[in-house]
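So you can see what is in the structure, the chains are spelled out below.
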Amino acid sequence: MPLWTLFGLLEGRQTTPWPLAKGNNGQSGVIGMPRYHPDLCCEGCEACAEVCPTGAITLRPGAGEGGRFDVDYGRCVVCQLCTEACPTDAMTPSSDWAFGVSNRADLVWRAHPERAKAAQGTAQRPFRRSLHIRHVDSGSCNGCESELQALNNPFYNLHRLGIFFTASPRFADLLLVTGPVTYAMREPLRATYEAMPEPRWVMAIGTCAVSGGVAENGYACGHGLEGVIPVDVYLPGCPPNPAAIIEALLMFLERAPQRVRGGQVVD
Amino acid sequence: MQKPKKIAPGQLEGAANRLLNRGGRMQMVYAWRPEPEQIELRYVAHEKPRKPFSVWACRPSKPVPSLARIWPLLSWYEREVTDLFGFPFQDQPQPEPLVLLAGAEPAAPPFDPTYPAGVELSVSASKMSLPEIAGAEAAVQLLPFGPVRADVLESAEFLFVYIGEAILHLSTRLFFKHRGMEKRFEGTSPGQAVILAERVSGVGTIAHALAYCQAVEAASNCVVPPRARFLRVLLAELERLYNHLHYFGHLCHTTTLKVGEAEGKLLEERAKQLNGRLTGSRLLRGVLALGGLRRDLSPQGWLSAELDKLREAFAGYAARLEETDSYLDRLITTGPLEREVAFEQGATGPIERGSGIDRDLRRDHPYAAYADLPFKVALRDAGDAHARAQVRMDEVQSSIALMQQVIDRLPDGPIREPCEIVPRSEGLGWSESPRGTLFYAVHFDADANLARVKIKSPSFSNWRAFPFTVHQTNMMDYAINEASFGLTVAGCAR
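This is a predicted model, so every value here is computed, not measured.

1. Some words on the domain arrangement of chain B
All names here are of chain B. What the domain assignment reports for chain B is domain 1 (5–90) and domain 2 (181–458). Spacing between the C-alpha centres of domain 1 and domain 2 amounts to 27 Å. Taken together, the contact between domain 1 and domain 2 spans eleven residues of the former and eleven residues of the latter. Broken down by secondary-structure element, the contributors of at least two residues to the side of domain 1 that touches domain 2 are strand E2 (25–35) and strand E3 (38–46). At four residues, E2 tops the list of elements feeding residues into the side of domain 1 that touches domain 2.

As structure tokens, then:
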């Protein structure tokens, strides 16, 4: 019988001090959403819109401020095809992955987004130090689950932040949904939401849950949570990494600022 | 790929029997439409190692006989063809919906040309069909579980029929997550479709995208440059590494070995962080492309040392697991899968190798640079949960050794060759994913657009074999047994 506890102790502390203190968030080298620089865009070129597999970049009728394209990060699957197709670096790779927002409109690029305002006494405040989450997979590729499961590994150790996953929706404050919502999962998802006591909130994790992602427009999927249940926090990504999920959870609890406004990092 | 052999409906049973007798193995059957009004069935079979897969093409005018009695593993594929194409098989032993939820009953099957574009299926109350229970009904209890399960788990529905601790029967419904991904490929540009393939099964990003790319490359006679072929092996093995490490963390979770769970998950996290550092994506997305890679990778100078650290940490971890009675007691003799059942039901990957079936596509049908990279295929014959875990344990070691070879021998040169799509061409691509045999069959139409993509995923095969290890066992072992299979639902449901 080996001495597991002893070997465990010998490993030393493996949990990152981040996000409570300065430290490694574990995402060194990880690529996030492409950055849009409308001023570098060439007239007549639509290379980025043509390669985008999910219609996140669309030509806007009538030029205005903010360039010729509507860029919706709620539809972006982080595939980077646009950054490779763009001949002028108007779309560039970045490490902007902390894309959790409470207003869907903040995922769409706009010129001159205002800076974050200080949050003021919202309903979730009483849950700041203890939040219980029920997760529902509404038809994901299992990529988001892989990263959600990572939250409880010793590196991120989500428990230390007072955030727990719970088995029953009856004990849950927050419903965390992944996947594009398949026709077969729509009712089980609604039933889970209905089973939660109020007040209750919903977080859409991953681009599929936000807008449908790559499975959208097929015979078996809709457009994510849109029109199914109300959403309080949107976190696109394919999948969002564990640090992005932690940032979004802390943002929801008003323990961290929302970093993205108008499709760009302002914080 | 070998040219498909035309076969008349009346010859199917004879051909299936001969394949069995000469030691081949059926892989799958799928349907596609060469013309809007014409359905063609494609049977894909393994003949011998290092010989091309054989493909039979059958254009039936009326229902063809089910081959499920000769090749039980075909049963699910036939039912999928019936669900999606509306094409029935005579004497199908289980003629009920599989991929579509009972009660969905669309006006036309989703792959029928008359199925209205952009219309989503709908279903209201859908109940699982139950086997009839005869005898001591009073003592028999039913435990429904899912589709929303406990913890962070994929959605699937299970129904246990049990007496006390003993499980009599397990019914499953695994297709709540069916996204219709195969249909989503149709009409997508072949290059963009790599992005789709990466998202069929998240933890099989490389295996899926690689099989897809290789299918298209086979169709267009595109030769991938050596550097890209070696780097593809590196990516595929990195994927195997983090998946197998996850497996041990989860297996320890079910055997309630807490420190073992934490350590397994920590090792997985380290592997994922290496993925992020090498490719920019923890799940290795956005690297593969038709004809090679989208961009060059630089593993030299750092990755080897990191892998060495992981190898050493894993070796200690694995040795401790193998000395832990509480862990071993729960795995040894649990969920036995007989070699014969594994073969008949189509079990694949570490599952069949744990039941003594010596197959591995990397060695038997080498792709990428595997032909140049010697490795030993892990094999056990006990067929229990422990054997399945031991196969994966060996594979972690051989995977790291393979990667070290790649890093040592990585050739210089270009990483991508243009891939010119040939109209009306077709190709078969495959990879040995962390969970087993994965196939992509692609067909292009007259305009060189994707007309049909069929995905044969390992979890589809292994979920079919899984209930055979559950019947006549007990409830306490169930979670451990399921973890020992290491299945995904997304890959199965697609």
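There is more to say, and it comes next.
2. Observations concerning the sheet that holds strand E13 (residues 436–444) of chain B
Each strand in a sheet pairs with another by means of backbone hydrogen bonds, the pair being arranged parallel or else antiparallel. Residue and element names in this part refer to chain B. The strand order E12-E13-E14 describes an open sheet built from three strands, whose pairing is antiparallel. Strands with a single pairing partner mark the edges of an open sheet, and in this sheet they are strand E12 (426–433) and strand E14 (450–456). Each strand axis lies, on average, 15 degrees off the axis of its neighbour in the sheet, ignoring direction. Two strands pair when backbone bridges link them, and E12 and E13 are joined in this way by eight bridges, in the antiparallel orientation. Paired with Gly 429 across the two strands is Tyr 440, which belongs to E13. Across the sheet, helix H5 (residues 205–219) touches E12 and E13, and the angle it forms with E12 is around 150 degrees.

3. Topic: the nonpolar core
In terms of nonpolar packing, the biggest core is built from 222 residues, with Val 177, Met 203, Ala 204 and Leu 235 of chain A together with Val 194 and Tyr 212 of chain B touching the most fellow members. Looking at this core element by element, the count peaks at 15 residues for helix H6 (residues 226–254) of chain B.

4. Observations regarding the domain arrangement of chain A
Residue and element names in this part refer to chain A. Partitioning chain A into domains gives domain 1 (33–97) and domain 2 (125–265). Placing the centre of domain 1 and that of domain 2 at their C-alpha centroids yields a distance of 26 Å. Each partner contributes to the interface: domain 1 provides twelve residues, whereas domain 2 provides 14 residues. Broken down by class, the residue content of the side of domain 1 that touches domain 2 amounts to eight nonpolar, two polar and two charged.

5. As for the interface of chain A and chain B
Counting from both sides, the interface comprises 55 residues of chain A and, opposite them, 56 residues of chain B. Sorting the residues of the side of chain A that touches chain B by element identifies helix H1 (4–10), helix H3 (81–85), strand E5 (131–137), helix H4 (143–150) and helix H5 (186–195) of chain A as the ones contributing at least two each. Considering each element in turn, the side of chain A that touches chain B owes the most residues, six residues, to H4 of chain A. A breakdown of the residues in the side of chain A that touches chain B according to their chemical character gives 30 nonpolar, 22 polar and three charged.

6. Quick look at the packing of H6 of chain B against helix H15 (residues 475–485) of chain B
Residues and elements named next belong to chain B. It is the contact of H6 with H15, at a shortest axis distance of 9 Å, that shows an interaxial angle of 175 degrees. Between H6 and H15, the angle falls in the class roughly antiparallel. The segment H6 lies against H15, with His 250, Leu 251 and Thr 254 engaging Ala 479, Ile 480, Ala 483 and Ser 484. Looking at the contact of H6 with H15 residue by residue, the class counts come to four nonpolar, three polar and no charged.

How each quantity is defined
- Starting from 1, residues in each chain are numbered consecutively following that chain's sequence as written.
- Here every chain gets a letter starting at A, and every ligand a number starting at 1, in the order they are written.
- Reporting of local features is limited, given that this is a predicted model, to residues whose pLDDT is at least 70; pairs of side-chain atoms are given and counted only at 80 or more, and all residues count toward the totals for whole chains, interfaces and linings.
- Domain boundaries shown here were taken from an automatic or database domain assignment.
- By the criterion used throughout, residues are in contact when their C-beta atoms, derived from the backbone, lie within 7 Å.
- By definition, any uninterrupted DSSP run of H or I lasting at least four residues is a helix, any uninterrupted run of E lasting at least two residues is a strand, and each is numbered from the N terminus.
- A pair of strands is labelled paired if DSSP reports no fewer than 2 bridges between them.
- Lines fitted to the C-alpha atoms define the axes, with helices restricted to the stretch that makes contact. Angles between their N-to-C directions range from 0 to 180 degrees.
- Joined through C-beta atoms within 7 Å, a set of buried Ala, Val, Leu, Ile, Met, Phe, Trp, Tyr and Cys residues constitutes a nonpolar core.
- In this scheme the burial state of a residue depends on its C-beta neighbours within 10 Å: 20 or more other such atoms mean buried, 12 or fewer mean exposed, and anything in between means partly exposed; the C-beta positions come from the backbone.
- Polar here means any residue other than Ala, Val, Leu, Ile, Met, Phe, Trp, Tyr, Cys and Pro, which are nonpolar, and Asp, Glu, Lys and Arg, which are charged; Gly is therefore polar.
- Small angles under 35 degrees read as roughly parallel and large ones over 145 as roughly antiparallel, with 65 to 115 read as roughly perpendicular and the rest as oblique.

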